[in-house]
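Here are the chains, one letter per residue:
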Amino acid sequence: MKRFLSFVLAALALSLAACAPKLETLPPADFQPYKPDLTGIAEPATLRGSYSQKPGLVGSATYAVGVFAINGKVAFEDEKFDVPIELKPGPQSLTIGYIVGRRGDSIPVMLDAKPGGRYVVKRAEDTNWADGLNYNRIRTWLYIEDERTGEIVVPKTPDLLMSIEGRYRPPSGADVATIRGTVHESGLSVYPIAVDGQIVPEDRERGVWVAPLWEPTKSVALAPGTRAIAILARTGLYEGYLPVLLDAKPGAAYVVKFDFALKRSGGLRIHTHTIWIEDAATGEIVVPKSDLPGTIL
């Protein structure tokens, strides 16, 4: 679990509250451990992160690049990013990202893991300042590479959501499924932001003075079959991703639901989204509840 908490600490400013509730009065967070069932799998794939040094004006910075979540699971046995994680062959819904000092970022992607595949998460930066200025910053790219061949199997993707080029193209037809998010009265929301590694089209495009906007309750069409869905949880300025796998049935309608509460994990108080997916017609939970850590109080 330390790798995700390290990311939360790095990517977000800590909020301090003198009147914070006593730790023992809070419910425990249920951050699901990633432990794939490899029974009968002759050649599991592996995925690991990496470390790199970047010289600066004062000393050098160490970048930790790796996996923060896999298929709804956010806790890992080893806190080191470069330790290989075993995967069942097939589609994997992932959040990958990086940490440097007290900064960090992440993106949702999909990896189609091959039997015996050896994969590594990597990071790169623009060296062309003019290109970087198109997005008012020098872009950081995250991608996944086949360690044996050097082939890039998950394309280089900017860590800034609004600068990711290309969008998901929803299918059409009588047998498509749909998925939508929900909004609480408080204004908190969760909704599908990516399908199979492709960002869902905005309902309001980015302009010079306006940010892109997604309507959480708008349905997104899905082709039947196993789909990698990235769920975005939004709380004020904080945004987090829970990547899950959904077995989309022909013609089915799904809805992402959530609860939000302050919970405890070890000695920390963590604002936590509990996220799951239901069949909208029957209320059956088709993707189990999973806690996603947010800001630390």
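Just so we're clear, the structure is a prediction, and the values are computed from it rather than from any experiment.

> How should the sheet that holds strand β8 (residues 140-146) be read in this particular structure?
Note on sheets: strands pair through backbone hydrogen bonds, and any given pair is parallel or antiparallel. With mixed pairing, 5 strands are arranged side by side in an open sheet as β4-β1-β7-β8-β9. Two strands bound the open sheet, and with one partner strand each, they are β4 (85-87) and β9 (152-158). Within the sheet, the average angular offset between the axes of one strand and its neighbour, ignoring direction, is 25 degrees. In this sheet, β9 lies alongside β8 in antiparallel orientation, the contact comprising 4 bridges. Looking across to β9, one finds that glutamate 145 is bridged to isoleucine 152.

> Quick question: what am I supposed to make of the confidence of the model for the chain here?
On average, the chain scores 86 in pLDDT, and the residues at 70 or more come to 85%. Across residues 13-18, confidence stays below pLDDT 50; counting only partners more than four residues off in sequence or on other chains, it has 6 contacts. Within the model, the stretch residues 207-211 combines pLDDT values under 50 with 4 contacts to residues more than four positions away or in other chains.

> Even after reading the chapter, I still don't get the pairing of strand β5 (residues 90-100), so can you show me in this structure?
One face of the sheet, then the other: side chains in a regular strand alternate in exactly this way. Across the 11 residues of β5, 10 count as buried, placing the element largely inside the fold. Alignment of β5 against strand β6 (residues 103-113), held across 11 bridges, turns out to be antiparallel. Residue pairing across strands places leucine 94 opposite valine 109, the latter belonging to β6. Counted along the chain from β5 to the antiparallel partner β6, the turn is 2 residues long, and its residue glycine 101 has a positive phi close to 60 degrees.

How each quantity is defined
- Residues numbered from 1 in each chain as written.
- Predicted model: local features only at pLDDT ≥ 70, side-chain atom pairs only at ≥ 80, totals over all residues.
- Heavy atoms only, no water.
- Pairing = 2+ DSSP bridges.
- Helix = DSSP H or I, 4+ residues; strand = E, 2+ residues; numbered from the N terminus.
- Axes fitted to C-alpha atoms, helices over the stretch in contact; angles between N-to-C directions.
- pLDDT = per-residue confidence, 0-100.
- Contact = heavy atoms within 4.5 Å.
- Buried < 20%, exposed > 50% of the residue type's maximum accessible area, 1.4 Å probe, protein only.

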